[in-house]
Amino acid sequence: MSSDHRLALDNCIKCSICVSHCPVARVTDKFAGPKQNGPDLERFRLEEPAAVHPSIGYCTNCKGCDVVCPSGVAVSAMNCRARGEYVSLHGAPLRDKILARVDRMGRAARLAPSLVNRLAGLRPLRLLAEKMLGISAAMTMPRYAKKTFLELYKPKNIGDTGRKVLYYPGCYVNYNAPEVGLALAEVLAHNNIRVEVEQFDCCGLPLIANGLLDTARDQAKKNLAKLQGYINRGYDIVTTCPSCHLTLRQEYRELFQLNTDPLHEKMLDVFEYLSVLLQQGKLVTRFEELPLQVGYHQPCHLKAAGCGVPSREILQLIPGLRVADLDAGCCGLAGTYGFKKEKYAISQAIGRNVFNAVKELGVRQVISECGMCQLQIHHLTGVAVYHPLQVLAQACGPGKWLAK
Amino acid sequence: METDKVQVVVIGGGATGTGILRDLALRGIPAVLVEQGDLAHGTSSRFHGLLHSGARYAVKDKEAARECIEENMILRRIAPNCVELTGGLFVQLPEDDPQYADRWITACAEAGINCEEIDVQELIKKNPVLSPNVTRAFKVPDCAVDGFRILWGNVNSARRYGARVLTYHRVSAIHQSNGRVTGVELINQLNGQKRSVECEMVINAAGPWGGEVAAMAGLEVNVIKDKGTLVAYNHRLMSMVVNRLRPPGDGDIFVPHGTITILGTTSTTVDNPGCTKPGHNEVLELIKIGQEMVPELESYRLIRAFAGVRPLYQENSAAGGRSVTRNFALLDHRQRDGLAGMVSIVGGKFTTFRLMAEKTVDLVASQLGVNAPCRTAREPLTAPVSEELLERGKKVFGVPGAKKAAERLGDSFAQVVEQAEKNPDKGRIFCECEVVSLAEIEHAAHSGDSFTLGDIRRKTRMGMGTCQGTFCSYRILGALSGYPQFAGNHREYLTKFLQKRWKGMRPVLWGQQLREAQLSTGIYCTLFAMERMR
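Quick caveat: nothing in here was measured; it's all calculated off a predicted structure. (Residues numbered from 1 in each chain as written. Chains lettered and ligands numbered in written order. Predicted model: local features only at pLDDT ≥ 70, side-chain atom pairs only at ≥ 80, totals over all residues. Heavy atoms only, no water.)

**Re the overall build of chain A**
Consideration 1: Counting its regular elements, chain A contains 23 helices and eight strands.
Consideration 2: For a compact globule of 404 residues, the expected C-alpha radius of gyration is about 22 Å, and chain A comes in at 21 Å, within 12% of that figure.
Consideration 3: C-alpha extents for chain A along the principal axes are approximately 60 × 50 × 40 Å.
Consideration 4: Across the 404 residues that make up chain A, the buried fraction comes to 58%.
Consideration 5: Residue pairs at least 24 apart in sequence account for 76% of intrachain contacts in chain A once pairs closer than 6 positions are excluded.
Consideration 6: Working note: accessible area of chain A is about 16500 Å², and carbon and sulfur atoms make up 53% of it. (Helix = DSSP H or I, 4+ residues; strand = E, 2+ residues; numbered from the N terminus. Rg over C-alpha atoms; globule rule 2.2 N^0.38 Å. Buried < 20%, exposed > 50% of the residue type's maximum accessible area, 1.4 Å probe, protein only. Contact = heavy atoms within 4.5 Å. Areas by Shrake-Rupley, 256 points an atom, 1.4 Å probe, with all protein chains shown as cover.)

**Notes on the interface of chain A and chain B**
Consideration 1: Between chain A and chain B, the contact holds 28 residues from the first and 33 residues from the second.
Consideration 2: Surface buried jointly by chain A and chain B totals about 2600 Å² across both partners, of which 51% is contributed by carbon and sulfur atoms.
Consideration 3: On the chain A side of the contact with chain B, A:Asp10, A:Ile13 and A:Arg43 bury the most area, a combined 28% of that side's loss.
Consideration 4: For the pair chain A and chain B, the interface holds six salt bridges.
Consideration 5: The partner of A:Glu47 in a salt bridge is B:Lys404, and the shortest N-O contact between them spans 2.8 Å.
Consideration 6: Summed over the shared surface of chain A and chain B, the result is 16 residue pairs in polar contact (both at pLDDT 80 or more).
Consideration 7: Sorting the residues of the side of chain A that touches chain B by element identifies helix H1 (3–11) and helix H4 (34–45) of chain A as the ones contributing at least two each.
Consideration 8: Grouping the constituent residues of the side of chain A that touches chain B by class yields 13 nonpolar, six polar and nine charged. (Buried area = accessible area lost by both parts, 1.4 Å probe. Salt bridge = Lys/Arg side-chain N within 4 Å of Asp/Glu carboxyl O. Polar contact = N/O pair within 3.5 Å; in protein donor to acceptor, adjacent residues only side chain to side chain. Nonpolar A, V, L, I, M, F, W, Y, C, P; charged D, E, K, R; others polar.)

**Observations regarding the domain arrangement of chain B**
Residue and element names in this part refer to chain B.
Consideration 1: Structurally, chain B comprises domain 1 (2–42 + 148–222 + 325–368), domain 2 (79–145 + 225–309) and domain 3 (387–527).
Consideration 2: Each of domain 1 and domain 3 has a C-alpha centre, and the two are 30 Å apart.
Consideration 3: Facing twelve residues of domain 1, the contacting portion of domain 3 comprises ten residues.
Consideration 4: Note on domain 1 versus domain 3: buried area summed over both sides is about 1000 Å², and carbon and sulfur give 52% of it.
Consideration 5: At the junction of domain 1 and domain 3, the tally comes to four salt bridges.
Consideration 6: As a salt-bridge pair, Asp-38 and Arg-458 come within 2.7 Å of each other at their nearest N and O atoms.
Consideration 7: Connecting domain 1 to domain 3 are four residue pairs in polar contact (both at pLDDT 80 or more).
Consideration 8: The class makeup of the residues in the side of domain 1 that touches domain 3 is six nonpolar, two polar and four charged. (Domains from an automatic or database assignment.)

**A look at helix H16 (residues 242–256) of chain A**
All names here are of chain A.
Consideration 1: Along H16, the largest kink reaches about 45 degrees and is centred on Gln-250.
Consideration 2: Taking burial as the measure, the 15 residues of H16 include 14 buried ones, the bulk of the element.
Consideration 3: At the C-terminal side of H16, Gln-257 shows a positive phi close to 50 degrees. (Bend = angle between axes of the 7 residues up to and from the residue.)

**Thoughts on the pattern of salt bridges**
All names here are of chain B.
Consideration 1: Evaluated as defined, the whole model comprises 56 salt bridges over all chains.
Consideration 2: When the shortest N-O distance is used, the salt bridge between Asp-362 and Arg-27 registers 2.8 Å. Pair noted here: Asp-362 is in helix H9 (residues 353–368) and Arg-27 is in the loop between helix H1 (15–26) and strand S3 (31–34), with a separation of 335 residues, a long-range link.
Consideration 3: By relative accessible area, Arg-27 is classed as buried at 7%.
Consideration 4: Arg-354 is the salt-bridge partner of Glu-358, the closest N and O atoms lying 2.9 Å from each other. With Glu-358 and Arg-354 both in helix H9 and four residues apart, the pair spans about one turn of that helix.

**A short note on the pairing of strand S3 (residues 236–239) of chain A**
On a regular strand, each side chain points to the face opposite its neighbour's, so the side chains alternate between the two faces of the sheet.
Residue and element names in this part refer to chain A.
Consideration 1: Of the two faces of S3, both are covered, the one formed by Asp-236 and Val-238 as well as the one formed by Ile-237 and Thr-239.
Consideration 2: Pairing analysis gives four bridges linking strand S1 (residues 165–168) to S3, with the strands arranged parallel. Each residue of the ladder has a partner; that of Tyr-168, found in S3, is Thr-239.
Consideration 3: Direction of pairing for S3 relative to strand S4 (residues 267–269): parallel, over a ladder of three bridges. The residue of S4 that forms the bridge with Thr-239 is Asp-269. (Pairing = 2+ DSSP bridges.)

**Brief notes about the nonpolar core**
Consideration 1: Counting 49 residues, the largest nonpolar core has B:Val8, B:Ile20, B:Leu24 and B:Ile150 as its most contacted members.
Consideration 2: Sorting elements by how many residues they give to this core places H9(B) first, with nine residues.
Consideration 3: Composition of this core by domain shows at least three residues from each of domain 1 (2–42 + 148–222 + 325–368) and domain 2 (79–145 + 225–309) of chain B.
Consideration 4: Setting aside residues no more than four positions away along its own chain, B:Val8 makes contact with B:Leu24, B:Ile29, B:Pro30, B:Ala31, B:Val32, B:Met201, B:Ile203, B:Val364 and B:Leu368.
Consideration 5: If you look at the next biggest cluster of nonpolar residues, it comprises 43 residues, including A:Val173, A:Leu302, A:Leu392 and A:Trp401. (Core = buried A, V, L, I, M, F, W, Y, C linked by side-chain atoms within 4.5 Å.)

**Description of the sheet that holds strand S22 (residues 342–347) of chain B**
Residue and element names in this part refer to chain B.
Consideration 1: Taken in spatial order, the six strands make up an open sheet running S10-S3-S2-S14-S22-S21, and their pairing is mixed. This sheet does not close on itself; its edge strands, each paired only once, are strand S10 (164–166) and strand S21 (328–332). Strand-to-strand twist in this sheet, taken as the mean axis angle between neighbours without regard to direction, amounts to 15 degrees.
Consideration 2: Pairing of S21 with S22 involves five bridges; the strand directions are antiparallel. Among the inter-strand pairings, Leu-331 is bridged to a residue of S22, identified as Ser-344.
Consideration 3: Sheet strands in contact with H9 are strand S2 (8–11), strand S14 (201–204), S21 and S22, and its direction is about 15 degrees off that of S21. (Axes fitted to C-alpha atoms, helices over the stretch in contact; angles between N-to-C directions.)

Right, here's the structure in full:
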């Protein structure tokens, strides 16, 4: 155990604020809570590494515990490591190994995305998958796009502003929601900035959340080496997925002790990047009127990144647009979590607050940065859910960015 | 006044006293043990928790070293649930006399203690908190030992053979007639009631109180009361016991003990055997010396300090401290003072408690005309918990909860698991720092030997972790209010319990433990308004 880790462990004063804010512990007794599975049992694991509670599987890895901890304890990292230990001791079910490989699922779906989408909607097949694999038949499956973002994206010829931007799209944008990546390109093109893309590995978050840390570590090393190459050549890196962002920046360091310092300066959420442009007076603020009222849901991993809501400042520049904060906490899906049969009900119970907020505000459209939050909110409420970039792209030009 | 009759009365519920009780019981000698407080409230719980290999004494006292290694091996065998096989290290630093190491190696070999030199680089890789300046390191068969469990193991084993225990009973008089002890008078410390016990023999195993007990029979036994202060760190700093390879001194042993690490000790002669208040300056002194072996010691969190009084004995000597032998002495008062029916066992150390008990009972048995041989070295203290039962335990308490509970409870583990299986609410963890379930706490409350929250703490470890009882004490009291001994004034129970916890925290109030204390004060004084509560 590193010296930092020992100090972090010693910092916990057992105040239990993490437990009182844990969305899972709020709705079920099945999870012993972030404190017990984290800093409490960590003291036992120094004697007996197998001191992991089976309830660790109920952690959603939302990282709310890290956000609220007044003592600077890396609670979620301790929980993630514990889950890794649990899985290395007891193995992971086949279902988890499948769900954790969102990149492979995406690649497999490439063969016939429409067919996959149709099969995912077939009730008997879903019931079979629930029985055989434990994948909830009730949860809406993400739809695969006909073509991936990397296939669809054609760099435009734009006048050189001297800014070099590399986009890390992440698996969801690439396989399921290429329109978000295209919206990014549109928005940056509006500012005469050309976006470059590259084939990356999955950031590894689904693997981490399923306790498959060794594979995640390998992917982390590969991604970091590739990103470092771009940073060395003077690129800024932008992301649109808060979870990929947090994994690359924070998890690689906390879980795998990799040096992510270079990313701290050079990798930005796209809205952070636009805010910097705005501060420098370089953002093109010519937007079309958009008479819309939308609800905004802040993803947990964006909260955990500690950068506030960078999209708020930019969206305020759009005439006619009104954004109401749902302020309802975690949506409960947590990536692969809500797709698991035994966790579906918990996931829905956590998301109830989001459902109530949408109903209360009476909004018909919701925006949120995270693809999985989008899916859950749509599943919970039936309203259309977009990435804030799609709204921004709509305000930039004549395209049809808000049609589903 | 209630009057009892028994062949032997043992005074003192520490390691030696309970060891004697068990030995008597196994030889078929009817006995009752009387203890003024709870078992192990004295020196037997106020030490390092080190089961010596004897290496520490090898150079200066070969006989003690030999006894240690023999007893060490016996306890591993008869009480595996009380012993943590950590192994021990002796490390030499540049400022230590290198010639001492050579003398020590020879002495260990002569005493029969296995010591093996190990690669320093490897060692530091495995235990990165150790100083990179370590010049030589040796492995010895030191272990961590749990004083509470050993004592309860002794008592439970003795009870199976008919022995009895009276805790919270202080001896107020030792009766004698015609140069013979005839019985003792006791005062119940909880309700003030008196009772007397007629007996043929009294065994004084009162540790630091040994002089006071002897005085009640009009005898003079010079027990030197030597206070040692120790500190407990919040987590396991290292995986093995670490000793300094130099003549024994202060602050030169670290013992990883379950979830914590204990560093000690100091040595000061005191007048009062109950003087267990750790001092702030002693703590600072310990850290300063400990830092030589663990350079970053200051940055690690201390959860408390505690002190115990070593009962040292040297006939006709007024010396104190480290120069006094750690050997034990068995005083036959018939021979020494002309009082038949009384023996005192004084001095010694935890590691050799069983041997002390054996020698004592050998003498007592011969005086009582009993020929039965000692069986305590062969018969296990508790039956091992089966794998199947442990697996069931893991299902209700989780891995660490089940393992620790199985080690603590031994034979009673099955009952506690059953309780939790029948009623899942009982499987809930009430003390989260030390992972103690409600089922185990209720078992302790139900045992008939628990009169205070402190008694439950000693049996279960609840309240001994990071938060030092801040969260578990009120929770537990809520769950126990159905028990008559906890149905009274909750403010009083909490105050007594927490004051004892805070006594240990006070000398280490800085950094995170200061924040912990503030949180605790906030909860009890502000949220519960205990200051204003009647």
